[in-house]
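Analysis of the macromolecular model
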Amino acid sequence: MTTAQTYQLSLSNLSCASCVGRAEAALKSAPGVSEAHVNLANESARITTDATGLAAAIAALEAAGYPARTQELRLDIAGMSCASCVGRVQKALAAAPGVIDAHVNLAAESASVTLAEGAGDVQAVLKAARDAGYPATLRSGGPDGGPDGGGTDNATTPRPTQSARKAEEARHLARRTWFAAALALPVFVLEMGSHVIPGMHALIGQSIGHETSWILQFLLTSLVLFIPGRSFYTKGFPALFRGAPDMNSLVALGTGAAYLYSLVALFAPALLPASARAVYFEAAAVIVVLILLGRWMEARARGRTGAAIEKLLGLQVKEARVRVDGEITTRAVDDLQPGDILVVRPGERIPVDGELTEGRANIDESMITGEPLPVAKTPGDAVTGGTVNGTGSFEFRATRVGADTTLAQIIRMVEEAQGARLPIQGLVDRITLWFVPAVIAVALATLAAWLAFGPSPALSHALVAAVSVLIIACPCAMGLATPTSIMVGTGRAAGLGVLFRKGDALQQLSEIDIVAFDKTGTITEGRPELTDLHLAEGVTRADLLAAVAAVEARSEHPIAEAILRAARAEGVATLEASDFEAIAGHGVTAMVAGKEVLVGAARLLAREGVDSSHLDPVAEAMAERGRTAFYVALDGEAAAVIGVSDPIKPASRAAIAALHDRGLRVAMITGDKEATARAIAREAGIDTVVADVLPDGKVAALDHLRTHGEKLAFVGDGINDAPALAHADVGIAIGTGTDVAIESADVVLMSGDLRGVVNALHVSGATLRNIRQNLVWAFGYNVALIPVAAGVLYPAFGLLLSPMLAAGAMALSSVFVLSNALRLRGLSAALSETPGGTTPAGQARARQEVTA
């Protein structure tokens, strides 16, 4: 039994929502395809099928007129010695993601692989061969790899990005548009000038003559239709004849009808009533110009929708310096292997993920985490590919390369999110699948109604109205309304450090009522820190901290490390302890600089006969605030109370206040005792606390929180959070957490603080609003203007829409939707970059009540 896999294909010839419906229908009819979704905005299809079904899906797309883009690879294969090797290599290559076909040549020690663009990548193909025991490298030329060998020169050329393709498409459309406009302008002036410029009709009659004018219009319009406008007919009519009409079909029918009618009026006028002998060459020519202009503007706008991916791709380094046997050589990043030692100079971008081995550096990780301040790195620290080295050279060992790097995974997640299909899209797809046939039916009905009931010249009026209906209909706007907003919105979210791993989370997040947080490592820092130090009279902070640090240096208790970190941070003197003794359940004791030092609970001081009554109120106050209090005694005198806790992250309070501003209920799930949990909740401003929860009880805790049917998002970072992340309506993982938690989540926050939760909600809400605006416009436009084009206003007002105005309105409709979606690129963060920054309302809020 073959395991089902998900592929993303890059398609050609998608021009409107009807194309989406036809392409999806073709894919779903292919053997082995269980699920298929087509995205007009990024011209891609996401399918779920077994490996053998991919080729069938490609063939189905080809037959439907929407061929998938493919890439031909030529590989040099090492280690082959017989026909059995050929079979093994061929099987391994064919099983790689996105491979449609693979052929291996033993004599040439090469392989030819056909790869579906978007469904797989070159590195996965190379890895498949390597894992099978036959290392493969891309062939850049030579026998069987270039023209001489029947291959392609660009076998190793990276596939153009969507922005690059759209830029080239826009340039091509610009040339076609200007050429068509230059030809159409004289046609427009000759025909329409007579209606708006006094005396021009007579001037034409006295100079070249009206028949000559019509012949000139015929010649120029023919050039417009059959050179820059040719693609409308070569694509539109075949689609119509297949029973799958699209946007090109509507344009071809509309302009073709106006053109043919004009030909009859010019060359066979006897076939028409005298009152109906008029030409509409200018309408056909100007319609082509306006639609080409709209598609040019649309191509430019659609190229910008993928700006986020382009920016991420721009972070990838092409070459790296590698230390080999003491020498530094330059090597392509694609050729790096885990374990390679790489050298990075100041100002350079880090090529791949790794672990710093030599040197120190301050690294700008803002493009990954969104954090503006450089992060200091020392040997043993992890570094991330795509980030920028500030000062200092260093060396690091590569740990993750190719598709395994953090940046590659981010790019993959963003691409998958941008190709997502939201539940709201289902209704749109069902409507648009039948939209173009319905428009053709309305146009025919309009033609019949005008011929039957219209005033003289009925035939002319019928033609104008029917052509206007065909031209004004805009399924493009309907098809682009959702995917363009998703592309731009998820891309902007990535820029804010929020990755939507699952596209439907974008819609579900906007419907959330409750946000539940894990405590440790999510709301709090995840490790104990010294938070309070209250000194008895006559005791200095530096002396006491030095003595306590000397004792705790001998202890293995986690809290000892918190005290040592504080001592190192304050630069206190380093002292040595002797006669160290750990007293179970009480604390520790030792001699430091000739003084006896006790550190522990109140019962340790009581056991040793030390009076701590004057410090007890301080310790009780710390406990009420969620601190763990420890007493310190020096030579039999109570000297201080130390408060240690897992501190709340600086941005947590601001984030929780911002969630309250959005009308959301905030809950915390923790294994801490009730009193400690409530203290932290009071400090953070949390509404509801679920305490004493065992790791396997978080799922039940979520069900308890949403007993009234509320939608709930859960935020966590640990391995034990994975079940809860999967069980919540939306699981949000802190990106600094474990891989298991991230893989279980719907949304990943690249930074460790909770501003990302607010930003995720902010992006979700803004994107859904944008989608609704687009849908209201797209549907409202068609619902309102198709009847106008059909002539519904004529009986009352004598208004009949010109086909040229219809073409202009149609072109602007798609551009409006794209422009509206592009506004999301300027979406700002909901919270400022300053930790704790939020709205004035959020800053003023001080939530005091905590309910169980």
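Residues numbered from 1 in each chain as written. Predicted model: local features only at pLDDT ≥ 70, side-chain atom pairs only at ≥ 80, totals over all residues. Heavy atoms only, no water.

1. Some details on the packing of helix H17 (residues 475–495) against helix H31 (residues 803–822)
At their nearest, the axes of H17 and H31 sit 9 Å apart, and the two run at 15 degrees to each other. For the element pair H17 / H31, the angle class is roughly parallel. Note that H17 runs across H31; the crossing there is right-handed. Residues Cys476, Ala477, Leu480, Ala481, Thr484, Ser485 and Val488 of H17 touch H31, and the partners they reach there are Ser813, Ser814, Val817, Leu818, Ala821 and Leu822. By residue class, the composition of the contact of H17 with H31 is nine nonpolar, four polar and no charged. (Axes fitted to C-alpha atoms, helices over the stretch in contact; angles between N-to-C directions. Helix = DSSP H or I, 4+ residues; strand = E, 2+ residues; numbered from the N terminus. Parallel < 35°, antiparallel > 145°, perpendicular 65-115°, else oblique. Left-handed = near helix turned anticlockwise from the far one by under 90°. Contact = heavy atoms within 4.5 Å. Nonpolar A, V, L, I, M, F, W, Y, C, P; charged D, E, K, R; others polar.)

2. Here we look at the sheet that holds strand S2 (residues 33–39)
Taken together, the three strands give an open sheet; going across it, the order is S1-S3-S2, and neighbouring strands pair in antiparallel fashion. Both outer strands of the open sheet, strand S1 (5–10) and S2, are each paired with one neighbouring strand and no more. Taken pair by pair, the neighbouring strands of this sheet meet at an average axis angle of 15 degrees, ignoring direction. When S2 meets strand S3 (residues 44–49), the two strands line up antiparallel, connected through six bridges. The partner of alanine 36 across the bridge, within S3, is isoleucine 47. (Pairing = 2+ DSSP bridges.)

3. Quick word on the pattern of salt bridges
Counting across every chain of the model gives 23 salt bridges. Between glutamate 561 and arginine 568 there is a salt bridge, with the nearest N and O atoms lying 3.0 Å from each other. Arginine 568 sits in the exposed class, given a relative accessible area of 54%. Here the salt bridges do not stand alone but share partners, grouping Glu529, Glu561, Arg565 and Arg568 into one network. (Salt bridge = Lys/Arg side-chain N within 4 Å of Asp/Glu carboxyl O. Buried < 20%, exposed > 50% of the residue type's maximum accessible area, 1.4 Å probe, protein only.)

4. Notes on the pairing of strand S20 (residues 577–583)
In this sheet, strand S21 (residues 587–592) lies alongside S20 in antiparallel orientation, the contact comprising five bridges. Looking at the pairing, serine 578 lines up with methionine 591 of S21. Counted between consecutive antiparallel strands, the loop separating S20 from S21 contains three residues, among which glycine 585 sits at a positive phi close to 80 degrees.

5. A few points about unusual backbone geometry
Going from serine 456 to proline 457, the amide bond is cis rather than trans, its omega being -5 degrees. Within the secondary structure layout, proline 457 lies in the loop between helix H15 (435–453) and helix H16 (458–472). Phi is positive for aspartate 579, which is not a glycine, with a value near 55 degrees. For aspartate 579, a relative accessible area of 61% translates into the label exposed. In this structure, aspartate 692 is a non-glycine residue whose phi angle is positive, near 55 degrees. Mapping aspartate 692 onto the fold places it in the loop between strand S26 (688–690) and helix H26 (698–705).

6. What about the nonpolar core?
Generally speaking, nonpolar side chains in soluble globular proteins are found buried as a group. Judged by nonpolar contacts, the single largest core of 148 residues is most densely connected at Leu9, Phe500, Phe517 and Val757. Two domains each donate at least three residues to this core, and these are domain 1 (5–138) and domain 3 (498–524 + 650–750). Beyond its immediate chain neighbours, meaning those up to four positions away, valine 757 contacts Val515, Phe517, Leu659, Val715, Ile732 and Leu749. One finds Ala550, Ile563, Val592 and Phe630 within the second-largest nonpolar core, a separate group that totals 30 residues. (Core = buried A, V, L, I, M, F, W, Y, C linked by side-chain atoms within 4.5 Å. Domains from an automatic or database assignment.)

7. A few points about the UniProt feature "transmembrane region" (unreviewed entry) in the chain
Those residues carrying the UniProt feature "transmembrane region" (unreviewed entry) are residues 178–200, 212–229, 250–272, 278–296, 431–453, 459–482, 775–794 and 800–822 in this numbering. For residues 212–229, the end-to-end C-alpha separation is 24 Å, with 83% helix and 0% strand making up the annotated structure. The straight-line gap between the two end C-alpha atoms of residues 775–794 is 28 Å; of that span, 85% is helix and 0% is strand. (UniProt positions renumbered as here; feature names shortened; annotations may be inferred.)

8. Some points on a nonpolar patch on the surface
There is a patch of nonpolar side chains on the surface, built from Phe179, Leu223, Phe226 and Ile227 and spanning about 350 Å² of accessible area. Relative to the elements of secondary structure, phenylalanine 179 occurs in helix H5 (residues 162–196). (Patch = residues over 30% accessible without salt bridge, like charges linked within 9 Å, V, L, I, M, F, W, Y side chains within 5 Å. Areas by Shrake-Rupley, 256 points an atom, 1.4 Å probe, with all protein chains shown as cover.)

9. Let's talk about helix H2 (residues 53–64)
An α-helical turn contains 3.6 residues, so any two residues separated by three or four positions project in the same direction. If you check H2, its first and last C-alpha atoms are 16 Å apart, about what 12 residues at 1.5 Å a residue would give, namely 16 Å. When we look at burial in H2, the residues that qualify are Gly53, Leu54, Ala57, Ile58, Ala60, Leu61 and Ala64. The buried side chains of H2 occupy one side of the element, clustering within an arc of 160 degrees when seen end-on. More than 90 degrees from the buried face of H2, the exposed residues found are Glu62 and Ala63. In the stretch just after H2, glycine 65 is the one whose phi turns positive, near 95 degrees. (Expected span 1.5 Å × (residues − 1). Arc of directions from axis to C-beta.)

10. A short note on the side chain of serine 645
Along the chain, serine 645 turns up in strand S24 (residues 637–645). Take serine 645: its relative accessible area is 8%, and that puts it in the buried class. Other than its neighbours up to four places away in sequence, serine 645 contacts Arg527, Pro528, Glu529, Thr531, Gly626 and Arg627.

11. Details of the environment of leucine 564
Along the chain, the position of leucine 564 falls in helix H21 (residues 558–570). Note: C-alpha distance between leucine 564 and leucine 530 (34 residues apart in sequence) is 9.1 Å. Excluding residues within four positions of it along the chain, leucine 564 makes contact with Ala549, Glu552 and Ala553.

12. Section: the packing of helix H1 (residues 17–29) against H2
Closest axis-to-axis distance for the H1/H2 pair is 8 Å, and the angle between their directions is 140 degrees. With respect to each other, H1 and H2 are oriented oblique. The crossing of H1 and H2 is right-handed. Side by side, H1 and H2 meet where Ala23, Ala26 and Leu27 of the first sit next to Ala57, Ala60, Leu61 and Ala64 of the second. Residue composition of the contact of H1 with H2, by class: seven nonpolar, no polar and no charged.

13. Quick notes on the sheet that holds strand S23 (residues 628–634)
Spatially, the six strands line up as an open sheet ordered S19-S24-S23-S22-S21-S20, and their pairing is antiparallel. Lying at the two open borders of the sheet, with one neighbouring strand each, are strand S19 (529–535) and S20. Neighbouring strand axes in the sheet, compared pairwise and without regard to direction, differ in orientation by 20 degrees on average. In terms of strand pairing, S21 meets strand S22 (residues 595–600) through six bridges, oriented antiparallel. Its bridge partner being in S22, methionine 591 is matched across the sheet by glutamate 596.

14. Some remarks on the packing of aromatic side chains
According to the stated counting rule, one finds 14 aromatic pairs in the structure shown. Here phenylalanine 218 and tyrosine 259 contribute two aromatic rings whose centre-to-centre distance is 6.4 Å and whose plane-to-plane angle is 25 degrees, an arrangement assigned as stacked. One end of the pair, phenylalanine 218, is in helix H7 (residues 210–226); the other, tyrosine 259, is in helix H9 (residues 247–267), with 41 residues separating them in the sequence. Of the two residues, phenylalanine 218 and tyrosine 259, neither departs from the other in class, the shared state being buried. A network of ring pairs unites the aromatic residues Phe218, Phe226, Tyr233, Phe237, Phe241, Tyr259, Phe267 and Phe281 as a single cluster. (Phe/Tyr/Trp six-rings, centres within 6.5 Å; stacked < 30°, edge-to-face > 60°.)

15. Concerning a negative patch on the surface
Taken together, the side chains of Glu596, Asp611, Asp635 and Glu637 define an acidic patch exposed on the protein surface. Here glutamate 637 shows up in strand S24. (Lys, Arg positive; Asp, Glu negative; His and termini not counted. Charge placed at Lys NZ, Arg CZ, Asp CG, Glu CD.)

16. Regarding the pairing of S3
Counting buried positions along S3 yields five of six residues, so the element is predominantly enclosed. As judged from the six bridges shared by S1 and S3, these two strands associate in the antiparallel manner. Following the sheet pairing, glutamine 5 is matched in S3 by threonine 49. Where S2 hands over to S3, the hairpin turn is made up of four residues, of which glutamate 43 adopts a positive phi near 50 degrees.

17. Some details on the confidence of the model for the chain
Fine structural detail should not be taken from predicted coordinates in areas where pLDDT scores are low. Per-chain confidence: the chain averages 81 in pLDDT, with 86% of residues scoring 70 or above. This stretch, residues 141–159, has a pLDDT under 50; its non-local contacts, to residues over four places away or in other chains, come to 30 contacts. (pLDDT = per-residue confidence, 0-100.)

18. Observations concerning the side chain of aspartate 340
Along the chain, aspartate 340 falls in the loop between strand S9 (327–332) and strand S10 (341–344). Within the structure, the side chain of aspartate 340 is placed 3.1 Å from the side chain of arginine 331, a separation counted as a polar contact. A polar atom in the side chain of aspartate 340 sits 2.9 Å from the backbone nitrogen of glutamine 337. Setting aside residues up to four positions removed in sequence, aspartate 340 forms contacts with Val322, Arg331, Phe396, Arg397 and Ala398. (Polar contact = N/O pair within 3.5 Å; in protein donor to acceptor, adjacent residues only side chain to side chain.)

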